[in-house]
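Examining the three-dimensional arrangement
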Amino acid sequence: MEQDTQAIVLEAEAEAQTAADSRALYEVKMKFLGRTGKVTALLKGMRDVAAELRPAFGKKVNELRETLESKFAALEEKMKKKEMAAKLSGEQVDITMPGRRRKQGTLHPVTRVRNELIDIFAGMGFEIYEGPEIESDYYNFTALNTPADHPARDMQDTFYLGDGLLLRTQTSAGQIRVMENKQPPIKILSPGRVFRSDDDATHSPMFHQMEGLVVDKHITLCDLQGMLDEFARTMFSQNSKTRLRPSYFPFTEPSVEVDVSCASCGGKGCPLCKGTGWIEVLGAGMVNRRVLENCGIDPDEYTGFAFGMGIERIAMLKYGINNIKLLTENDVRFLEQFKD
């Protein structure tokens, strides 16, 4: 019996030394100490041992079990440390290697210009109002003095949705909603997306507008130009000037197109301004009496001015972009140029 138990110990040690990992060592352990292992088989064989020899036999088998359990426990601890060391070695970071450069994102040029415009006009006391993008025909046209048969509707190339609804062609619709629910003085800025069936190098079927509205007593066209002068100086150059040219919009009377002196050539004439020294930036005018009446505001007591600009157009002028599609293609090579 002494020889048998010693042989089992030696066999277990030899097989354990060949185990490459914890799983293999566990299988070796089960081969000797498991339910069908060799030590368990010895215990089951006690029924074939003479009764007077069974106590000694059982003692020897238990000593064998304890010996093997002690040896396997030591081997398992050693294997665990070995595997942990290998894992840590594989996961360690070489702090002498250069770090990975992470690319930093930047705001889209349209977002940058939108934020800058809001900052400029908020500094002049304007409140921000954002209306719905799906509008009714009434707010988008009728309340803005554009009857059903008015030719100005053809200028907009509208996306109609049915049931009197449409994708708004101008953020001016938001001005009507404000005037219906608030009495003067009113001073609001309404930025947002608008939609028109138009597509070329300088036009897009979806673009961003920013409309402004001021209604109060004794508001004049001089107030409008003074405000636009401040806008031009802040947005483009301290030497920028504005000029007003007669135009037509159904919701303003008189109506004007607003030009800004070319910041590239200082008004001397260059390819950007086509040699004129001026660049058209927005439309504006005094709020039409009928628009005020439609909103329940007395046009004999109050006057106002309104203006509207395309944010993409301002961005193109500010950054020298020659194709509006560059602003919607999401080409990273283009966008990463607009970092602070």
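The sections below set out a description of the structure shown in this document. (Residues numbered from 1 in each chain as written. Predicted model: local features only at pLDDT ≥ 70, side-chain atom pairs only at ≥ 80, totals over all residues. Heavy atoms only, no water.)

**Quick notes on the pattern of salt bridges**
Evaluation of the coordinates by the stated rule reveals 17 salt bridges. In this structure, glutamate 130 and arginine 114 form a salt bridge, with 2.8 Å as the shortest nitrogen-oxygen distance. Of this pair, glutamate 130 sits in the loop between strand E1 (127–128) and strand E2 (134–136) while arginine 114 sits in helix H5 (residues 109–122), placing them 16 residues apart in sequence. For aspartate 259, the salt bridge goes to arginine 245, with nearest N and O atoms at 2.5 Å. With aspartate 259 in strand E8 (residues 252–261) and arginine 245 in strand E7 (residues 242–249), the pair connects residues that are 14 residues apart, well separated along the chain. Three or more residues joined by partner-sharing salt bridges are found here, namely Arg243, Arg245, Asp259 and Glu280. (Salt bridge = Lys/Arg side-chain N within 4 Å of Asp/Glu carboxyl O. Helix = DSSP H or I, 4+ residues; strand = E, 2+ residues; numbered from the N terminus.)

**Re the sheet that holds strand E9 (residues 278–287)**
Across the sheet, 7 strands lie side by side as E1-E5-E6-E10-E9-E8-E7; this open sheet has mixed pairing. Taken across any chain shown, the strands that pair with only one partner, and hence form the sheet edges, are E1 and E7. Bridge analysis of strand E6 (residues 206–216) against strand E10 (residues 303–310) gives 8 bridges, and the strand direction is antiparallel. Of the residues in E10, the one forming a bridge with aspartate 216 is threonine 303. The strands touched by helix H9 (residues 221–235) within the sheet are E7, E8, E9 and E10, with E7 carrying the most contacts at an inclination of about 125 degrees. (Pairing = 2+ DSSP bridges. Contact = heavy atoms within 4.5 Å. Axes fitted to C-alpha atoms, helices over the stretch in contact; angles between N-to-C directions.)

**Side note on the nonpolar core**
Within the largest apolar cluster, 44 residues are counted, with the highest numbers of intra-cluster contacts made by Leu117, Phe121, Met227, Phe231, Leu282, Phe307 and Met309. Elements supplying a minimum of two residues to this core: H5, E6, H9, E8, E9, E10, helix H11 (311–319) and helix H12 (332–335). One finds Val178, Ile186, Val287 and Val291 within the second-largest nonpolar core, a separate group that totals 20 residues. (Core = buried A, V, L, I, M, F, W, Y, C linked by side-chain atoms within 4.5 Å. Buried < 20%, exposed > 50% of the residue type's maximum accessible area, 1.4 Å probe, protein only.)

**A closer look at the side chain of serine 172**
Position of serine 172 relative to the elements: it lies in helix H8 (residues 172–181). Ignoring any residue separated from it by four or fewer positions in sequence, one finds serine 172 in contact with Leu144, Glu211 and Phe251.

**Re the sheet that holds E2**
Hydrogen bonds between backbone atoms are what pair the strands of a sheet, whose relative direction is either parallel or antiparallel. Here we have 3 strands laid out as an open sheet, ordered E2-E4-E3, and antiparallel in their pairing. The open sheet is flanked by E2 and strand E3 (160–162), the only strands paired with a single partner. Each adjacent strand pair in this sheet contributes to an overall mean axis angle of 35 degrees, direction not counted. Pairing between E2 and strand E4 (residues 165–167): 3 bridges, direction antiparallel. In the strand pairing of E4, serine 136 is matched with leucine 165.

**Some words on the packing of aromatic side chains**
As enumerated under the stated definition, the model contains 9 aromatic pairs in all. Pairing phenylalanine 231 with phenylalanine 236 gives two aromatic rings, centres 6.1 Å apart and planes at 75 degrees, and the pair type is edge-to-face. Members of the aromatic cluster, connected to one another through ring pairs, are Phe121, Phe126, Phe231, Phe236 and Phe307. Over the aromatic face of tyrosine 139 sits the side chain of arginine 177, whose NZ or CZ is 4.1 Å from the ring centroid. (Phe/Tyr/Trp six-rings, centres within 6.5 Å; stacked < 30°, edge-to-face > 60°. Lys NZ or Arg CZ within 6 Å of the ring centre and 35° of its normal.)

**Side note on unusual backbone geometry**
With an omega of 5 degrees, the peptide bond between proline 184 and proline 185 qualifies as cis. Relative to the elements of secondary structure, proline 185 occurs in the loop between H8 and strand E5 (186–195). Geometrically, the link from glutamate 253 to proline 254 is a cis peptide bond, its omega value of 0 degrees lying close to zero. Considering the arrangement of structural elements, one finds proline 254 in strand E8. Positive phi outside glycine occurs at asparagine 145, with the angle close to 65 degrees. Although it is not a glycine, asparagine 330 sits at a positive phi angle of roughly 60 degrees. By the element assignment, asparagine 330 lies in the loop between H11 and H12.

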